[in-house]
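Architecture at a glance
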Amino acid sequence: MLALVFLCSLGTGAITTGVFFIARERFEFSATHNLALALVMSMVYIPAAWWSGPIVRALRARFFKTTQRVLLTMLIGMSALCALPPLAPSPLALWIFALCYMPLTGLFWPVIESYLSGGRTGQPLRRAGGLFNVSWSVAIPIAYWLMSPFMERAPLATLVGLAFVHGFCVPVALRLTHEPARHLIDTGDDHLTLDERAIYTRLLAGARRLLLASYVLMSALAPMAPTVLERVGLEHGEKTAAWSVVHVSRVVTFALLAAFSFWHGKAWPLALGAAAMLFGFVGTLTAPSVALIVPVLALLGVGLGAAYAASFYYAMEVGGAEVDAGGKHEAIIGMGYAVGPLIALIAAATPVLAEHASTGVAILVGCAACVLFADAVRAARPGPPAHEKTPDLH
C-alpha cells in the first residue's frame, strides 16, 4: 500500500505543481498562463473528487466488478496520458494532458484513502495515516530533484519517466484486496466516547477550513513560483530544487505529528499551522534573496503539513472507509486549488494591483486566508457536551 502511495505521488504530486515548471521551461508560459492552467485543472478535479464515491461504485457495478480493477484502470490511464505531451509536444497537448489527468487523480486518491482507513481506528489509524502522509509527501521533493536536471534541456522527459512509474504501479496494485475493509465505526467497534467524538467532529470542521486555506495559499503561489524564484537569482533546475524545500519541511512535519499524539483533540496546533502558513506565504512573495526565501519556504511547508495532517486524521477517524470520505477531503483540496489561482488572476487583471503583482496577490490571497482562518477557529470552538446535543457527523 505504502509503495503504491509513494510511486503514484511521484506522478500526481509532481504534476499538480511541477507541471508549471515544465510549462514555463518548455512552452514559455507566463505566470498568468500558469495561473489559468492551474484554475482549469482544479475545476475538473473538484467534481471528480466530490462525486468519486458514486462514480467508483457505478464503474465497479457496471464494468469492473471490484474496486481494485477500477484502480488498475485509472493507473493505466494516467500512464498513457503522461506520454501524450512528449509524443506531441505542444501547448495544446499539455492542456489536454492536464485536463484529463486531473479528474483521474480526483478519483484515484479517495479510493487509496478508503483502503487506508478501512478496519482501523485510534492508534492503528494514526500510525497508518502518518505513514501515508510521509509516503506521499516524501515522494514530491524526490520528484523535484529528479526533474531538476531535465528542466533546461528536456523538460518533457520528466513526463516520460512518470509514464513508466505509473505503469510500474499496476503490478503493485495487484497485491491489494478486491475491496477496502469496512471502517470499525460501521461495525460498532469505536474507541471514542460520545463527547470525544463531538470534539473531533468540531475539530474536523475547523481543520477542513484550514486545509482549504492552505491550498488557496499553495495554489496561488505554485504557478508563480518559477517567476518568484527567478527574481532572487535562481535558474532552471535550481528553481525546482529550491521549491522542494516546502515539501521537505512538510515531510518533517508529517513525521513529527505521526510520532506523537499530543495534538489530538486540541485546537491550538491548528492556530500555529495557520500562522506558519500565512507568514511563509507572504515571506515567499517578498523575500529579496535566496538566503531569506529558503527559511520562509520551510515555514510555509510546516503550516501546510499541520493543516493537512489534522484534516486527514479527523476525517478518517470520524468518517468511514467509503470512498466518499476521502472524496470530500480531496474535493476541499481541489477547491483550494481553484480559489488561489482565481484570486491571483483577479489581482493580475486589476490595474492598481497588477503594477505590483506579488503585493497584490499577497493582499488578496492573504485576506481570503484570514477569513478562512477565522472561520476555522469558529468551527473548532468548544460547544455543548455531547450528552446535551448530539453532533451532526455529516
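For the structure, see preceding data.
Reading the values: the criteria
- Residues numbered from 1 in each chain as written.
- Predicted model: local features only at pLDDT ≥ 70, side-chain atom pairs only at ≥ 80, totals over all residues.
- Heavy atoms only, no water.
- Helix = DSSP H or I, 4+ residues; strand = E, 2+ residues; numbered from the N terminus.
- Contact = heavy atoms within 4.5 Å.
- Disulfide = S-S within 2.5 Å.
- Buried < 20%, exposed > 50% of the residue type's maximum accessible area, 1.4 Å probe, protein only.
- Axes fitted to C-alpha atoms, helices over the stretch in contact; angles between N-to-C directions.
- Parallel < 35°, antiparallel > 145°, perpendicular 65-115°, else oblique.
- Left-handed = near helix turned anticlockwise from the far one by under 90°.
- Nonpolar A, V, L, I, M, F, W, Y, C, P; charged D, E, K, R; others polar.
- Core = buried A, V, L, I, M, F, W, Y, C linked by side-chain atoms within 4.5 Å.
- Phe/Tyr/Trp six-rings, centres within 6.5 Å; stacked < 30°, edge-to-face > 60°.
- Expected span 1.5 Å × (residues − 1).
- Salt bridge = Lys/Arg side-chain N within 4 Å of Asp/Glu carboxyl O.
- Patch = residues over 30% accessible without salt bridge, like charges linked within 9 Å, V, L, I, M, F, W, Y side chains within 5 Å.
- Areas by Shrake-Rupley, 256 points an atom, 1.4 Å probe, with all protein chains shown as cover.

Attention now goes to the side chain of Thr-158. Along the chain, Thr-158 turns up in helix 8 (residues 157–173). In this view, Thr-158 contacts Ile-22, Met-147, Phe-150 and Met-151; residues no more than four positions away in its chain are not counted.

With that settled, consider the state of the cysteines. Taken as a whole and judged by the stated rule, the model has zero disulfides. With no disulfide partner, Cys-8 has as its closest neighbouring cysteine sulfur the one in Cys-169, 3.5 Å distant. Classification of Cys-8 by relative accessible area gives buried; the value is 0%. A relative accessible area of 0% means that Cys-169 is categorised as buried.

What follows concerns the packing of helix 4 (residues 67–82) against helix 8. Axis separation between helix 4 and helix 8 bottoms out at 7 Å; the angle between their running directions is 165 degrees. One finds that helix 4 runs roughly antiparallel with respect to helix 8. In this structure, the crossing between helix 4 and helix 8 has a hand that is left-handed. For the pair formed by helix 4 and helix 8, the contact residues are Gln-68, Leu-72, Leu-75, Ile-76, Met-78, Ser-79 and Cys-82 on the first element and Leu-159, Leu-162, Ala-163, His-166, Gly-167, Cys-169, Val-170 and Ala-173 on the second. Broken down by class, the residue content of the contact of helix 4 with helix 8 amounts to 11 nonpolar, four polar and no charged.

By size, the foremost hydrophobic cluster in this structure holds 117 residues, and its most contacted members are Leu-4, Leu-75, Phe-108, Phe-132, Trp-243, Tyr-308 and Tyr-314. The leading source of residues in this core is helix 13 (residues 290–318), at 15 residues. Not counting the four nearest positions on each side in its chain, Leu-4 is found in contact with Leu-71, Leu-75, Ile-112, Cys-169, Val-172, Ala-173 and Leu-176.

Right, let's talk about the packing of aromatic side chains for a bit. Under the definition given, this model contains 15 aromatic pairs. Centre to centre, the rings of Phe-97 and Tyr-101 are 5.2 Å apart; their planes meet at 45 degrees, and the pair counts as tilted. One end of the pair, Phe-97, and the other, Tyr-101, are both in helix 6 (residues 91–117), four residues apart, so they sit about a helical turn from each other. Cluster of aromatic residues (ring-pair linked, three or more members): Phe-108, Trp-109, Phe-132, Trp-136, Phe-254, Tyr-308 and Phe-312.

Within the fold, Ala-14 resides in helix 1 (residues 2–27). Between the C-alpha atom of Ala-14 and that of Pro-141, which follows or precedes it by 127 residues, the distance is 8.4 Å.

The end-to-end C-alpha distance of helix 3 (residues 52–64), which contains 13 residues, comes to just 15 Å, noticeably less than the 18 Å that a straight helix rising 1.5 Å per residue would cover. Of the residues trailing helix 3, Lys-65 is marked for its positive phi of about 75 degrees.

Right, let's get into helix 4. Under the 1.5 Å per step criterion, the end-to-end length of helix 4 is 23 Å for 16 residues, consistent within 8% with the ideal 22 Å. Of the positions making up helix 4, those classed as buried are Thr-67, Gln-68, Val-70, Leu-71, Leu-72, Met-74, Leu-75, Met-78, Ser-79, Leu-81 and Cys-82.

Under the definition given, this model contains two salt bridges. Glu-230 is the partner of Arg-24 in a salt bridge, and the nearest nitrogen-oxygen pair spans 3.1 Å. Here Glu-230 lies in helix 10 (residues 225–231) and Arg-24 lies in helix 1, a separation of 206 residues in the sequence. Put simply, Arg-60 and Glu-179 hold a salt bridge, and the shortest N to O gap is 3.3 Å.

Turning our eyes to something else, we now look at the environment of Ser-42. By the element assignment, Ser-42 lies in helix 2 (residues 31–50). The class for Ser-42 is buried, based on a relative accessible area of 2%. Taking the C-alpha atoms as reference points, Ser-42 and Ala-338, 296 residues apart in sequence, are found 5.1 Å from one another. When sequence neighbours within four positions are dropped, the list of residues in contact with Ser-42 reads Gly-334, Tyr-337 and Ala-338.

Glancing now at a nonpolar patch on the surface. Together, Trp-145, Val-248, Val-252, Leu-256, Phe-260, Phe-262, Trp-268 and Leu-272 line one region of the surface with nonpolar side chains, adding up to about 810 Å² of accessible area. When residues of the nonpolar patch are traced back to their parent elements, those giving at least two are helix 11 (237–259) and helix 12 (268–286). Residue contributions to the nonpolar patch peak at three residues, all from helix 11. Here Phe-260 lies in the loop between helix 11 and helix 12. Looking at Phe-260, the relative accessible area reads 46%, which means it is partly exposed.

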